[in-house]
Amino acid sequence: MDAPVIDWTGKKKVNLALQGGGAHGAFTWGVLDAILEDGRLDVEGITGTSAGAMNAVVFAQGYLDGGRNGARAALETFWSRVSDKDSMGPIQRKLFDAYFRPFGFESSPAFWALDFMTHYTSPYDFNPLDINPLRDLLTSAIDFSKVQACQEIKLFIGATNVQTGKVAIFKREELTADHIMASACLPTIYKAVEINGVPYWDGGYSGNPPLFPLFYETASPDVLIVQINPIERDETPRTALDIQNRLNEITFNGTLLRELRAIEFVQRLSDQGKLPPDEYVRPFMHRIDGANPLKLFSAASKLDASWSSLTAIRDIGRTAAKAWLAANYENIGMCDTMDLPAAFG
């Protein structure tokens, strides 16, 4: 099918890097909603993992269907479906209730039963049929033939190759529901997603999100990271749950911090004139940081898909994006607005 031509009307072009983080991906929904509403930014490429990957493909299909307003509507519809358990069968609802407990889930029997199972049994044992309500949601919400046809937006979805431990990048023209599920596959909950005989786990383990595809395959030097996993926390975790949650945050930020360190090194070489400008484009790094406002939500709230929680997190994302645009729009294409040494130092 012929890809329709998107009439981008923004004044400046950026690439987006969307982190994963379960239900906290609603923060990214809010950021995207505010950027689309503002209307001054064009998006050349998007890289994402897990919830970031889901936001990316919903964004692309919605824009293809109806421009900026279409993308906004598609994102709201998708996240509404995430919170709608009534559309699921009884077996799906049972697993969904254990995985996305709406209220008081950290102290609920369902939460602790799931926590026990994921620590002492394998999903190949307790979920042998590999029931995954998110897969059905994706296949019903996304027309991947439309996503593949959206040539104006480059998509790069990250997953982790279980056999090699390396990041795998899936591009827009090959994307299916399996690729998104691979990017979001938590190995303690679901079986590895096999694509062409290769097993994959959540992309956050190897790149959350991977940035390098944007430098190799897009022309825009500006990369806007939407970060939802806190890098720093003041308190020392003491309970088993808090320790596990903090380990997950550190793990899911580790690869991003290493990439940022490498980018800062290239920037210094470029600024010192040690790299030929006709061969190396000096990248400009930006960040809308959800880490600090999302500290008010426990790490376990990444499993809370209640509509009240999702919309509250969305609104935080909208506020953060509006503030960032007001403070930094004029600097796009001119300089960094993210202090890289402070981020990884």
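Residues numbered from 1 in each chain as written. Predicted model: local features only at pLDDT ≥ 70, side-chain atom pairs only at ≥ 80, totals over all residues. Heavy atoms only, no water.

Engineer: So what's going on with the pairing of strand β2 (residues 41–48)? Residues and values would help.
Structural biologist: With respect to burial, β2 is a largely interior element, eight of its eight residues being buried. With seven bridges connecting them, strand β1 (residues 12–18) and β2 associate as parallel partners. Within β2, the residue paired with V14 across the bridge is V43. In terms of handedness, the path from β1 via helix α1 (residues 25–38) over to β2 forms a crossover that is right-handed. Strand direction decides the pairing type here: β2 and strand β3 (residues 154–161), joined by four bridges, are parallel. Within β3, the residue paired with G48 across the bridge is I157. (Buried < 20%, exposed > 50% of the residue type's maximum accessible area, 1.4 Å probe, protein only. Helix = DSSP H or I, 4+ residues; strand = E, 2+ residues; numbered from the N terminus. Pairing = 2+ DSSP bridges. Right-handed = clockwise from strand over helix to strand, strands pointing away.)

Engineer: I'd like a description of the packing of aromatic side chains, backed by residues and values.
Structural biologist: With the rule as written, the count across this model stands at seven aromatic pairs. Ring geometry for F170 against Y200: centres 5.3 Å apart, planes inclined by 80°, an arrangement best described as edge-to-face. With F170 in strand β4 (residues 167–171) and Y200 in strand β6 (residues 198–202), this residue pair connects regions lying 30 residues apart in the sequence. Where F212 meets Y216, the ring centres are 6.5 Å apart and the plane angle is 70°; that geometry is what we call edge-to-face. Of this pair, F212 and Y216 are both found in helix α9 (residues 212–217), four residues apart, which corresponds to roughly one turn of the helix. Since its relative accessible area comes to 31%, F212 is described here as partly exposed. Owing to a relative accessible area of 69%, Y216 belongs among the exposed residues under this scheme. Of the aromatic side chains, those joined through ring pairs into one cluster are W29, F78, W79 and W307. The ring of Y329 carries K12 above its face, with NZ or CZ at 5.0 Å from the centroid. Positioned over the ring face of Y329 is R40, at 4.1 Å from the centre of the ring. (Phe/Tyr/Trp six-rings, centres within 6.5 Å; stacked < 30°, edge-to-face > 60°. Lys NZ or Arg CZ within 6 Å of the ring centre and 35° of its normal.)

Engineer: Quick one: what's the story with the pairing of β4, residue by residue and with numbers?
Structural biologist: Side chains A168 and F170 of β4 all project onto a buried face; the interleaved residues V167, I169 and K171 project onto a face where none is buried. By the bridge criterion, five bridges tie β3 to β4 in an arrangement that is antiparallel. Bridge pairing in β4 links A159 to A168. Here β3 folds back onto β4, and the loop between the two strands holds five residues, one of which, G165, carries a positive phi near 75°.

Engineer: I'd like a description of unusual backbone geometry, backed by residues and values.
Structural biologist: Residue P209 follows N208 across a cis peptide bond; omega there is -5°. Along the chain, P209 turns up in the loop between β6 and α9. With a phi angle near 55°, S50 is a residue other than glycine that sits in the positive phi range. Tracing the sequence through the fold places S50 in the loop between β2 and α2 (51–82). Residue class for S50 comes out buried when judged on its relative accessible area of 11%. Although it is not a glycine, N196 sits at a positive phi angle of roughly 55°.

Engineer: I'd like to hear about the pattern of salt bridges, residue by residue, with values.
Structural biologist: Summed over all chains, the structure comprises 19 salt bridges. The salt bridge partner of E37 is R72, with a shortest N-O separation of 3.6 Å. Within this pair, whereas E37 is found in helix α1, its partner R72 is found in helix α2, the two being separated by 35 residues in sequence. Residue classification places E37 among the partly exposed residues on the basis of a relative accessible area of 39%. A salt bridge links K154 to E44; the nearest nitrogen and oxygen atoms lie 3.8 Å apart. Of this pair, K154 sits in strand β3 while E44 sits in strand β2, and the two are 110 residues apart along the sequence. Of the residues examined, K154 reaches a relative accessible area of 30% and is grouped as partly exposed. (Salt bridge = Lys/Arg side-chain N within 4 Å of Asp/Glu carboxyl O.)

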